[in-house]
Amino acid sequence: MEHVLSVEQVSAAYGSIRALKEVSLHVDRGECVAIIGANGAGKSTLMKVISGLLPASSGTIRYEGSDITKWPTHKIVAAGIAQVPEGRQVFSELSVLDNLKMGAYQRKDDIQPEIDTAFQTFPILEKRMHQMAGSLSGGEQQMLAMSRALMSKPKLLLLDEPSMGLSPLLVKTVFDTVRRLHESGLSIVLVEQNARMALSVADRLYVLATGQIELEGNAEELQQDPRVRDIYLGI
Amino acid sequence: MKNTNNSAKVLVPLTAGLALMVPLFLGNNYYYDIFIMAGIYTIIGSGMNLLLGFTGQLSMGHAAFYGFGAYITAIGMKSYGLPFWLCVILAVGFCFAMGMLLGSTSCKLSGIFLVVVTTGFNTVVNLIMVNWEFTGRSFGIPGIPKPDWFGSPMNKLQYCYLVLAFVFLALFVSYRVVHSKTGRAFQAMRDNAIAARSVGVNVNKYKLLVFAVSAVYAGVAGALYASNIGYISPTSFTSNVSVTIITMTVLGGLGDLCGCIVGAVVVGVLMEALREFGDYQLTLYGVLIVVILIFMPKGLMGGLRSLYRRLCSLVSRRRTPAKQEEV
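Quick caveat: nothing in here was measured; it's all calculated off a predicted structure.

Before we move on, can you summarise the overall build of chain A with the specific residues and values?
In terms of helices and strands, chain A carries ten helices and ten strands. For chain A, the C-alpha radius of gyration of 17 Å lies close to 18 Å, the compact-globule estimate for 235 residues. With the C-alpha coordinates aligned to their principal axes, the bounding extent of chain A is approximately 45 × 40 × 35 Å. Classification of the 235 residues of chain A by burial places 53% in the buried group. Counting contacts in chain A only where the partners sit at least 6 residues apart, residues at least 24 apart contribute 67% of the total. Split by element, the accessible area of chain A, about 10200 Å² in all, is 50% carbon and sulfur. For chain A, the distance from the average position of its 24 positive side-chain charges to the average position of its 28 negative side-chain charges is 3 Å.

Written out as structure tokens, the structure reads:
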């Protein structure tokens, strides 16, 4: 089966600190792949490298057959990879509506259908349409960040810790949305510390530890794996 | 939201009309000059506002661009006999290129580091003005002519309107930029550079572009300054002047298109009023910025706007009970 995204032997570093050591992974079309790991395992670094925010020091990243390793972020976004950065990075002094419009920044066609979809998915955003994004609650900001990423009509969605700092109820809402997007056929890479939630939506799972892939496999299989159960699920 | 739009529909033509009337009543050269300087500051301030207010980059080098515009006009008109408008075009081109050059540092640097680099740029440019034969050394360039108006040099009143035309143009361009998709991208960059990158904004390209555009504003202001004052010297383009430019932008209100008008007029008048204090003016500007930022974080214009809103709500509160009585 054709890979939408394949990461081959990618390393990355912050100065002399090597955050990723020859990581390889792939995402098939329509697949939801979760990457779990402890703090400092390199999960977010991996996301930044894929989206071009951080240059890879070695290795290759392929997206739909083309080598995107050296591409600038705006070109990667244009190619169809959207990203929800870690920690609800909304434009706090722009209105909710303007935030959504920014998500469709590179599109030239009519964006109203996607705005409608966003408001249908998260009705609270419609109520807050003209409010400044900085005045939203944490959960609302996360919904906005996700909706904004979807405004570009991506083929691959990168989600960096969507559950971070949210109440259990909101975590459920967010993951229900992820599940729905997955069912609609979108390819998703999901980075999470909340391994239980990640396992519940993902098809496959990679476990990242100290910048290396430690385990990989089907979500169902790994759920039974004693190492995953011990360390990440705490059962 | 709608309320401000409606009041803008009244206020914009009103202010423009007022600005068009004022020169007719000034009547003496001293007041003409204050008016012209306020206009020149408005132009340079709206450029700084694009840079600092809308994209959050601080340049301490804008007096250098102001200087480029002034020197190009002075040398072009006096030594080469070029017409004024051609000098303005040359100034625009040169400042755009130099703005790109200085702006390229802003792609790598931000905050205090950008301040240091741009201050250095201003100082180097100023030292060149002081030491180069071509720019008249520390003595400067005297005898810069006025632009021609149908064969004769412009008088002060006509010059007021020339400046005003450029002010309208500058504000119009700013308005169009800010309310476009590009303008939204500028503000997105200021708010959150990582998120802006992640939605596909080419942040480095826009940083360069906005630097160059705001340098052009300063260059045009410089050209208008040189031809009006007739004599320029390097002291008018030191980094102290850059501080003044930033002061009026902050004073007026960052990210507020009308702010730079208020800031320019207030600083322009203050500079005249405090002329006898000379270098102590800078101390006052420092104090002013601190006071403004504490009490009116959105500048004078922001203060005015919230005052206006408070008045509106006060009026509507008074009206509502009155209506109830009628019923």
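A description of the pattern of salt bridges should follow, citing residues and the corresponding values.
Residues and elements named next belong to chain A. If you walk through the whole model with that rule in mind, you get 17 salt bridges over all chains. A salt bridge links Glu64 to Arg29; the shortest N-O distance between them is 3.3 Å. Taken together, the residues span a long stretch of sequence, with Glu64 in the loop between β4 (58-63) and β5 (66-67) and Arg29 in the loop between β2 (17-28) and β3 (32-36) at a distance of 35 residues. Under the relative-accessibility criterion, Glu64 is labelled partly exposed at 28%. Classification of Arg29 as partly exposed rests on a relative accessible area of 40%.

Outline the pairing of β3(A), listing residues and values.
All names here are of chain A. Counting buried residues along β3, five of its five residues qualify, which places the element largely inside the surrounding structure. Burial of the side chains of β3 extends over both faces: Cys32, Ala34 and Ile36 are buried on one face and Val33 and Ile35 on the other. The pairing of β3 with strand β8 (residues 187-192) spans five bridges and is parallel. Bridging from a neighbouring strand, Val33 pairs with Val189 of β8.

Quick notes on the rules
Residues numbered from 1 in each chain as written. Chains lettered and ligands numbered in written order. Predicted model: local features only at pLDDT ≥ 70, side-chain atom pairs only at ≥ 80, totals over all residues. Heavy atoms only, no water. Helix = DSSP H or I, 4+ residues; strand = E, 2+ residues; numbered from the N terminus. Rg over C-alpha atoms; globule rule 2.2 N^0.38 Å. Buried < 20%, exposed > 50% of the residue type's maximum accessible area, 1.4 Å probe, protein only. Contact = heavy atoms within 4.5 Å. Areas by Shrake-Rupley, 256 points an atom, 1.4 Å probe, with all protein chains shown as cover. Lys, Arg positive; Asp, Glu negative; His and termini not counted. Charge placed at Lys NZ, Arg CZ, Asp CG, Glu CD. Salt bridge = Lys/Arg side-chain N within 4 Å of Asp/Glu carboxyl O. Pairing = 2+ DSSP bridges.

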